[in-house]
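Coordinates in review
Residue-level listing of the chains:
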Amino acid sequence: MSTTQISDKNKQYMQNDHKVVNQVLARCAPIVVERASGSFVYDMNNNAYLDFTTGIAVTNTGHCHPKVVKAIQDQAQMLLHTSVTTYHKKYIELAEKLVSITPDGLDSVFLANSGAEAVEGAIKLARYVTRKPAIINFRGSFHGRTLLTTALTTSKLYYRENYEPLPGSIYTIPYPYALHSKFKDNDQECVNDVFRHFDILFNQFVHSDQVAAMIIEPILGEGGYVVPPDGFLKALRKLCDEKNILLIIDEVQSGFGRSGKMFACEYEGIRPDIMLMAKGIASGMPLSAFIASKKLTDKWPSGRHGNTFGGNPVSCAAALATISVIQEEKLVENAKTIGEHILQSLQAIASKSKFIAQVRGRGLMIGIEFFDAQGKPSHDLAQAVIDKCFDNKLLVLSCGSFGQVIRLIPPLNLSLAEANQGLAILEKAIMELH
Ligand SMILES: Cc1ncc(COP(=O)(O)O)c(C=O)c1O
């Protein structure tokens, strides 16, 4: 087959897609992926693309890891579904596993299907047990696309616009994003400013004794891959303890080794009251979870929350295999080592480019922020680099309120050679901007 014929095959599928698939579903790269393995996806032309997107931070063990695939196959032959009509073994085994890998004191698990559903469940739990209405969220956060999670999301206007009225009693505090604050180079002042906003909130908007919970991403994801200054999450924990507010940590994007720790909140050694997980939990099978203390969930009577598909046996088997692979193949350690190599290499590239405002991140959760010649966040520059990377067969995604950040989220078992291959493509694309 000639190249034209083959690429026509890709094109034909995309045309069919445009006929029958709701156009609201935005796709980033114009290829139809037929198969994937490790760090690569293959289009219908059998072109290999190095994948630094992992289906938005999901395939942390690499595409189609053989141990995960085997666990899925084995489970599919045994039991596909039972729901809450019975107990099932894999649900229980996975709950035990999640208790063992999350911070001490979190020992009661609920399984659902998506990140947004985990957020919804956690807020229902918080409101039910505290009997308080208000929730605090942080500016720039992303928590999902259901109506409640849309109300909690402020990373971009287009996630909210024209969906009002959204659920209320949500109060937004700035995330400590120094580069976008008036305290550019002063992390401490930026953090102090966040706490001044808490004072204003509790004096002018809502009494702290009406607040059930605050919800925060330990590393801002969709909002721009922003790492909060050291000590910030600890200070939030202290505030929550003083005011009797539950602290919900959303590890949907940062969890399962992505940050160079199993969970990003471990960097500060804090214990959330409720922790949320999804994405990387099952290497691509739909699954999410929230975990809290039994003391808390004992106040939530049986039947007050539930679902049909959550904790599906096949997804649970995939999650158990995923966690084993992460542990046995030391993927958390690899994420840290390879992540530091990528971060340092990008910092060297940034020193040669006038358009990179900052390179930041933890583990294999890395952001490159682009500013234009006027010092303004630039979607166009980030998009130009993304397009050039695509032409050179590297897949990367944007994030940030203006789409001005390129995020790198490769599999956690990325090799040094693959990291360098991606870096070479990125460097070329960035230098071509000049
Ligand atoms: C931090 C965070 N929370 C929640 C969600 C929502 O997850 P889902 O798309 O699975 O509903 C996302 C998705 O990107 C996320 O990054």
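Keep in mind it's a predicted model, so treat the numbers as computed, not measured. (Residues numbered from 1 in each chain as written. Predicted model: local features only at pLDDT ≥ 70, side-chain atom pairs only at ≥ 80, totals over all residues. Heavy atoms only, no water.)

Another point: the overall build of the protein. Summing up its helical and strand segments, the protein has 13 helices and 15 strands in all. Compactness check: the protein gives a C-alpha radius of gyration of 22 Å against a globular reference of 22 Å for 434 residues, within 12% of the reference. Considered along the principal axes of its C-alpha atoms, the protein spans approximately 65 × 60 × 45 Å. Evaluated residue by residue, the protein yields a buried proportion of 55% over its 434 residues. Considering only residue pairs separated by 6 or more positions, the protein has 72% of its internal contacts joining residues 24 or more positions apart. For the protein, the computed accessible surface area is about 19,600 Å², with 52% contributed by carbon and sulfur atoms. In the protein, 44 positive and 43 negative side-chain charges are present, and the distance between their average locations comes to 2 Å. (Helix = DSSP H or I, 4+ residues; strand = E, 2+ residues; numbered from the N terminus. Rg over C-alpha atoms; globule rule 2.2 N^0.38 Å. Buried < 20%, exposed > 50% of the residue type's maximum accessible area, 1.4 Å probe, protein only. Contact = heavy atoms within 4.5 Å. Areas by Shrake-Rupley, 256 points an atom, 1.4 Å probe, with all protein chains shown as cover. Lys, Arg positive; Asp, Glu negative; His and termini not counted. Charge placed at Lys NZ, Arg CZ, Asp CG, Glu CD.)

Here we take up the domain arrangement of the protein. According to the domain assignment, the protein contains domain 1 (3-61 + 330-431) and domain 2 (66-328). Look at where the C-alpha atoms of domain 1 and domain 2 centre, and you get two points 25 Å apart. For the pair domain 1 and domain 2, the summed buried area comes to about 2,900 Å², and 57% of that belongs to carbon and sulfur atoms. Summed over the shared surface of domain 1 and domain 2, the result is two salt bridges. Measuring nitrogen to oxygen at the nearest pair gives 3.5 Å for the salt bridge that ties Arg362 to Asp230. In this structure, the connection of domain 1 to domain 2 is made through 22 residue pairs in polar contact (both at pLDDT 80 or more). (Domains from an automatic or database assignment. Buried area = accessible area lost by both parts, 1.4 Å probe. Salt bridge = Lys/Arg side-chain N within 4 Å of Asp/Glu carboxyl O. Polar contact = N/O pair within 3.5 Å; in protein donor to acceptor, adjacent residues only side chain to side chain.)

Turning our eyes to something else, we now look at the sheet that holds strand β11 (residues 356-362). Overall, antiparallel pairing links the four strands, which are arranged β11-β12-β15-β14 in an open sheet. Looking at the sheet topology across the chains shown, the edges are occupied by β11 and β14 (397-399). Going from strand to strand, the sheet's axes swing by 30° on average, the running direction of each strand aside. Note that β11 and strand β12 (residues 365-370) share six bridges and pair antiparallel. Note that in β12 the partner of Gln358 across the bridge is Glu369. Contacting β11, β12 and β15 (405-408), helix α11 (residues 331-350) runs over the sheet at an angle of about 175° to β11. (Pairing = 2+ DSSP bridges. Axes fitted to C-alpha atoms, helices over the stretch in contact; angles between N-to-C directions.)

Let us now look at the nonpolar core. With 95 residues, the main nonpolar core has Leu98, Phe198 and Phe370 as its most contacted residues. Taken domain by domain, this core gets at least three of its residues from each of domain 1 (3-61 + 330-431) and domain 2 (66-328). Beyond its immediate chain neighbours, meaning those up to four positions away, Leu98 contacts Val109, Leu111, Phe256, Met277, Ile281, Ala289, Ile291 and Ile323. Of all hydrophobic cores here, the second largest spans 29 residues; its members include Ile123, Ala212, Leu276 and Leu296. (Core = buried A, V, L, I, M, F, W, Y, C linked by side-chain atoms within 4.5 Å.)

Note on placement: Gly400 falls in the loop between β14 and β15. The class for Gly400 is buried, based on a relative accessible area of 0%. Note: C-alpha distance between Gly400 and Glu369 (31 residues apart in sequence) is 8.4 Å. When neighbours within four sequence positions are excluded, Gly400 is seen to be in contact with Ser155, Lys156, Glu222, Gly223, Gly224 and Val405.

The next subject is a nonpolar patch on the surface. Nonpolar side chains collect at one region of the surface, where Val20, Val21, Val24 and Leu25 lie side by side and expose about 390 Å² of accessible area between them. Note on placement: Val21 falls in the loop between α1 (3-20) and β1 (33-37). Residue Val21 is classed as partly exposed on the basis of its relative accessible area, which comes to 30%. (Patch = residues over 30% accessible without salt bridge, like charges linked within 9 Å, V, L, I, M, F, W, Y side chains within 5 Å.)

This next bit is on the site of the ligand. Close contacts around the ligand come from Ser114, Gly115, Ala116, Phe142, His143, Gly144, Glu217, Asp250, Val252, Gln253 and Lys279, and that covers them all. One of the backbone nitrogen or oxygen atoms of Phe142 is found 3.4 Å away from a nitrogen atom of the ligand. Within the side chain of Lys279, an N or O atom sits 3.1 Å from an oxygen atom of the ligand. Relative to its free-state accessible area of 390 Å², the ligand is covered by the protein chains to the extent of 81%. In the shell around the ligand, the residues fall into three nonpolar, five polar and three charged. (Near = heavy atom within 4 Å. Nonpolar A, V, L, I, M, F, W, Y, C, P; charged D, E, K, R; others polar.)

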